[in-house]
Amino acid sequence: MGNLTASDDGVGGIGGAPEPAGSAGTGFPGRVRISYVGADRMWAEWVAQQLERAGLVTALELQDPLTGRDLARALRHTLDGADRTLAVFSDAYFQAGGHDLAEWADAYASVGDRIGRLVPVVVGPCRVPDMPAPLTFVELFDLGEEQARQRLLDRVVGADAPAGGVARASEFRHPVRFPGEQPAVWGHVPLRNVNFTGRDQVLLALRERMTTSVTAVVPSAVHGMGGVGKTQLAVEYAYRFASDYDVVWYVRAEQTTLARYDLAALAPRLDLPVSQHLGETVQSVLDALRRGAPYRRWLLIFDNATSPAELRPLLPTGQGHVLVTSRDVDWRSSAEVLEVDVYRRAESVRFLRRRVPRLSEADANLVAERLGDLPLALEAAAAWLEVSGTPVEEYLQLADTQLTNLLGEVRVIPYEREVVMAWAVPMNRLRDERPAAAQLLRLCAFLSAEPIPVTLFTQAQLDGESPVRLPQPLDGQLRDPVQRGRIFHDIGRYALAKVGQHTAATAAQTIQLHRVVQGVLRDLLTGQQRDELRRTARLLLAAADPGDPEDPSTWDAYAELIPHLEPAGVVADGAEPAVRRLVIHLVHHLYRRGEFAASRDLAARAARVWERVLGEHPDLNDLNVHLANALRGGGDSVAAREIDERVLDYWRRRFGPDHERTLWAANGLAADLRQLGEWRAAREMDRDTLRRCREAFGADHENTLRAAHNYAVSLRMMGEFPEALEVDRDTAERRTRLSGANRQRTLLSVNNVARDLRECGRYAEAAAMQENTYAEYRRLFGDRHPDTLRAMKNLSVSLRKAGRYAESCALARRTLEGHSERFPDDHPELLAATTNLANDLRLVGDLVEARARAEHACSRFRHKLGDRHPYTLASATNLAVLLRLSGDPEAARELDELTQQAFRDVLGADHPYTLASATNLASDLYALGDHAAARRLDEDVLTRSRLARGEDHPYTLACASNLAMDLRATNERSAARTLEADTLDRYRRTLGDEHPEVVAATARARLDCDIEPPPM
């Protein structure tokens, strides 16, 4: 199908065959006009597509029979414009202009012989006006696509219609799907507004922009002031064009965190694994949308969006469509913006007369004039006029009087005057007739403008132990089911808020107050009233606290509380214990979901308030534990350490060294030390914490197992690999027995056992174990979960050490790709994956790419962590090997000398990393011809390595093999032969005859020792 373009007169053209073509055998002309109303645009496009495939030329004409227009004249214009006119008949077609069926019948009777050019295509059950002559109706509703297509062509084109199925995607630039189809995935979209009126030209313009783009998706943004109906427009677009999409998904975008939750909720509908880390799930969703797998055609609506800078990372790319609604003018430079203004006057009149049929056109025009055609104001006015039966003049006089009174109490911006004017009359009536309902609306003004679950108000009141006391009479009436129902009924009846189901997929009842109305309500209150209602809103939220942020079953409930934090002033309240506990739980929840920045920001803001209000208080220190976790998770271990040290000191003074909170704080501080490269201090702290946990909780308690896991990490960092293996094996066995083999924590321990085996030199055993572990991670969590990526990297290193270089390099490259999609450019996990690939590339002979990647990783580590962090030194060790192999042994020697000395200072002379660096330094000296110096260094390293790693460890054997070459170069041939024979014998027993290291040692090649930066 060709491009859809809008001409000045509202006629849309669809490009078809190069020359007009008629249908053979029937004499049917080739030019066909398709007349439709906006609600049936999809049917019009589908009909046009079928006719164009049959060789006809079509033109789309959007009918806009506005109130007051001469209907007969409009019909004559339509029928004169083409050889034949296909009119897409539905109830919407005949209701669009407010004309009754008799008026339509008279108009059709007035067109004379032109009526023979009309072919009605009926797309839904509808009442059709009497026609002045018999016509051939083409009824397409309740048919499948192929049946509908064949009937259309039989009736319009005739016997020579081309046979075959419907159009394939490759045949039309923008193939249109059959309107009877529905998206496979439909989520979070608010219920359709049955009173939606007009906006056909705006929706058509939006459709044109969506379907004519041939480049990467550019967001379409709907911009306008509050109350003009941006959300309603987006929702109508979703329903109107739903059949053209595989996926339609609605995202609440006013808060970035909430938008991330809504995006992540799409994952299971796309058959994607759901990670505990929200960011991982969001990225999986964005990747799937970009790839078009499993669905290529999608529509994502980001409603009430914040600034483009905040939302841009969440906007998908691919072959689908993005629709943004926003009041932020910055979207004009970031999207194709469609400005939405108030209704056109004819639309206002049509809307009012549709809602209130008794209104004359003059009365509707008068109301629209006084309310500035603002849809939000018109909705309130229509509801009042419909319910009350008040004459229009009386209503407007009353509204004017009450507006004057209200404007004496509150200042409003110009367009809010119309909202206040329309809203004041029903609100005052509600206050007089049902004060509890007015109280509820005022309370809603201090919660989110998103739908509020009714249970937020009712559950607290039905709980006899609830500390929440609402104002009377609201408190008492919410406890009575009958009175409660009347409250919500009256609010909905006057259209002061949306009451009922928010989406078709949920039975939960909600109440939603427009943000413009919320602002006016707040402004009409005294300062004391605002403070009291805001406090009540906070206590309601605290009463809804699920209570356990560690439990995944509570995560959805916590997510629903997040949008209410700001309007309720939750962060600013340090006085209420229940509210403080809610904040701590939300900070913890955000951290558990991997939302480190959101967790940090919420905790930091609350901590500043609590410090001022509470001073040194247990709740403040509980909060600070989670703040430190969030800082550490986001990479700021310096700030985390400062907080953790204060918290640990506080808990030691308050409870002593063995209390659970003290031990939690010690775990946190040790994690800070590990990230900062202070591995010795971390090991000692983790050892002490594990001992105290075993004494306090027993060996099987999860606190103890967590402490054991951390202690093994520190042991591994300090090069004490056999000890780490012993601790990890014990932890894995206990977790398997207590929780099962397939639990996430159990797999984490098993993954570490495989890493320990490799570091102990048991390469083949480690690789076999890790292959099984990695497969299990993929099965349970998918390919892009962070734990799966760590297991993937661990396997690639184990494969390299087992001598399977080609497999290892391919896996290392995929590992780096996965890390690149998940982590920022300077994240240690990503840089570790980069240096790991460099090591693999070196062993498969690609020294150029290997060196480039090693230099990049080393530079970024140095910038991120400093010159003397063990990660930086490990990457420098790997880079130095590549410098020597690339023909620059002098640069390699200089780098290795600095690195080896730094390792000695930071980790000690006998640490395996220090010995690996020294082994490589000896090879630099050998390459530079200083064989005696190489021999002296290798002799020292070999002695230390035998003690540190054992005589049969491959790194010890690599040093021994190199020393044999040193001895031979310094004319100690007998000693060289003896050492070489013993080394090769040990190598063969340890790795096997075919291992590449054994082959290299046999060929008397220098052997290098690389280092994998261990996960922290």
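Details of the structure are given in the entry above.
Bear in mind that the values here come from a model prediction, so they are computed numbers and not experimental data.

Caption draft 1: Summary view of the environment of Leu 398. In this structure, Leu 398 sits in helix H14 (residues 392-407). Residues Leu 398 and Pro 313, spaced 85 residues apart in sequence, show a C-alpha to C-alpha distance of 49 Å.

Caption draft 2: Just the nonpolar core, in detail. Counting residues in hydrophobic clusters, the biggest one holds 193 residues, and the most contacted among them are Leu 51, Leu 86, Leu 152, Phe 302, Leu 441, Phe 457 and Ile 511. In terms of residue count, helix H15 (residues 414-433) provides more of this core than any other element does, nine residues in total. Leu 747, Leu 811, Cys 858 and Ala 1001 belong to the second largest nonpolar core, which has 58 residues in total.

Caption draft 3: Representation of helix H38 (residues 870-885) within the structure. Taking 1.5 Å per residue, 16 residues should reach 22 Å; H38 reaches 23 Å between its end C-alpha atoms and fits that length. Most of H38 is tucked away, with 15 of its 16 residues classed as buried.

Caption draft 4: Structural detail: the sheet that holds strand E16 (residues 509-512). What the three strands build is an open sheet, ordered E14-E16-E15; its pairing is antiparallel. Strands with a single pairing partner mark the edges of an open sheet, and in this sheet they are strand E14 (452-453) and strand E15 (498-501). Across two bridges, the pairing between E14 and E16 is antiparallel. Counted as the bridge partner of Ile 452 is Ile 511 from E16.

Caption draft 5: Up close: the pairing of strand E9 (residues 220-223). Neither face of E9 is open: one carries Ser 220 and Val 222, the other Ala 221 and His 223, and all of them are buried. Of the strand pairs in this sheet, E9 and strand E12 (residues 321-326) are connected by four bridges, and their pairing is parallel. The residue of E12 that forms the bridge with Ala 221 is Val 324. Taken together, the four bridges between E9 and strand E13 (residues 336-339) define a ladder with parallel strand orientation. Considered in E13, the bridge of Val 222 is made with Leu 338.

Caption draft 6: Looking closely at the packing of helix H40 (residues 912-927) against helix H42 (residues 954-969). Where H40 meets H42, the axes come as close as 11 Å, and the angle between the chain directions of the two elements is 25°. With respect to each other, H40 and H42 are oriented roughly parallel. Where H40 crosses over H42, the handedness of that crossing is left-handed. Each of Ala 916, Thr 919, Ser 923 and Tyr 926 in H40 lies in contact with H42, whose residues at this interface are Tyr 955, Cys 959, Asn 962, Met 965, Asp 966 and Ala 969.

Caption draft 7: Spatial organisation of the side chain of Arg 968. On the secondary structure map, Arg 968 appears in helix H42. Of note is the side chain of Arg 968, whose polar atom sits 3.3 Å from the side chain of Glu 980. With residues up to four places along the chain from it excluded, the contact list for Arg 968 reads Arg 973, Ala 976, Glu 980 and Arg 1004.

Caption draft 8: Examining the packing of aromatic side chains more closely. For the structure on display, the rule yields 21 aromatic pairs. For the ring pair Phe 89 and Phe 94, a centre distance of 4.7 Å and an interplane angle of 65° mean the geometry is edge-to-face. With respect to burial, Phe 89 and Phe 94 carry one shared label: buried. Summarising the aromatic geometry, the rings of Tyr 237 and Phe 241 are spaced 4.7 Å apart at their centres and angled 45° between planes, so their arrangement reads as tilted. With respect to class, Tyr 237 is no different from Phe 241; both count as buried. Arg 493 extends its terminal NZ or CZ atom over the ring of Tyr 494, reaching a point 4.8 Å from the ring centre.

Caption draft 9: Structural view of helix H21 (residues 527-543). For H21, spanning 17 residues, the distance from its first C-alpha to its last is 24 Å, which sits close to the expected 24 Å at 1.5 Å a residue. Buried within H21 are the following residues: Leu 533, Thr 536, Ala 537, Arg 538, Leu 539, Leu 540, Leu 541 and Ala 542.

Caption draft 10: How the structure looks around the sheet that holds strand E11 (residues 298-305). Read from one edge to the other, the open sheet built from six strands follows the order E8-E10-E11-E12-E9-E13, with strand pairing classed as parallel. The sheet is open, and its two edges are formed by strand E8 (185-187) and E13, each paired on a single side. Each adjacent strand pair in this sheet contributes to an overall mean axis angle of 20°, direction not counted. Sheet strands in contact with helix H6 (residues 200-212) are E9, E11, E12 and E13, and its direction is about 175° off that of E13.

Caption draft 11: Spotlight on unusual backbone geometry. With an omega of 5°, the peptide bond running from Ala 293 to Pro 294 counts as cis. Mapped onto the fold, Pro 294 is located in the loop between helix H9 (278-291) and E11. Residue Gln 472 is joined to Pro 473 through a cis peptide bond whose omega torsion reads 10°. Within the element layout of this structure, Pro 473 appears in the loop between helix H17 (455-462) and helix H18 (474-479). A positive phi angle, near 65°, is found at Arg 199, a position not held by glycine. By secondary structure assignment, the location of Arg 199 is in the loop between E8 and H6. Although it is not a glycine, Ala 495 sits at a positive phi angle of roughly 55°.

Quick notes on the rules
Residues numbered from 1 in each chain as written. Predicted model: local features only at pLDDT ≥ 70, side-chain atom pairs only at ≥ 80, totals over all residues. Heavy atoms only, no water. Helix = DSSP H or I, 4+ residues; strand = E, 2+ residues; numbered from the N terminus. Core = buried A, V, L, I, M, F, W, Y, C linked by side-chain atoms within 4.5 Å. Buried < 20%, exposed > 50% of the residue type's maximum accessible area, 1.4 Å probe, protein only. Expected span 1.5 Å × (residues − 1). Pairing = 2+ DSSP bridges. Axes fitted to C-alpha atoms, helices over the stretch in contact; angles between N-to-C directions. Parallel < 35°, antiparallel > 145°, perpendicular 65-115°, else oblique. Left-handed = near helix turned anticlockwise from the far one by under 90°. Contact = heavy atoms within 4.5 Å. Polar contact = N/O pair within 3.5 Å; in protein donor to acceptor, adjacent residues only side chain to side chain. Phe/Tyr/Trp six-rings, centres within 6.5 Å; stacked < 30°, edge-to-face > 60°. Lys NZ or Arg CZ within 6 Å of the ring centre and 35° of its normal.

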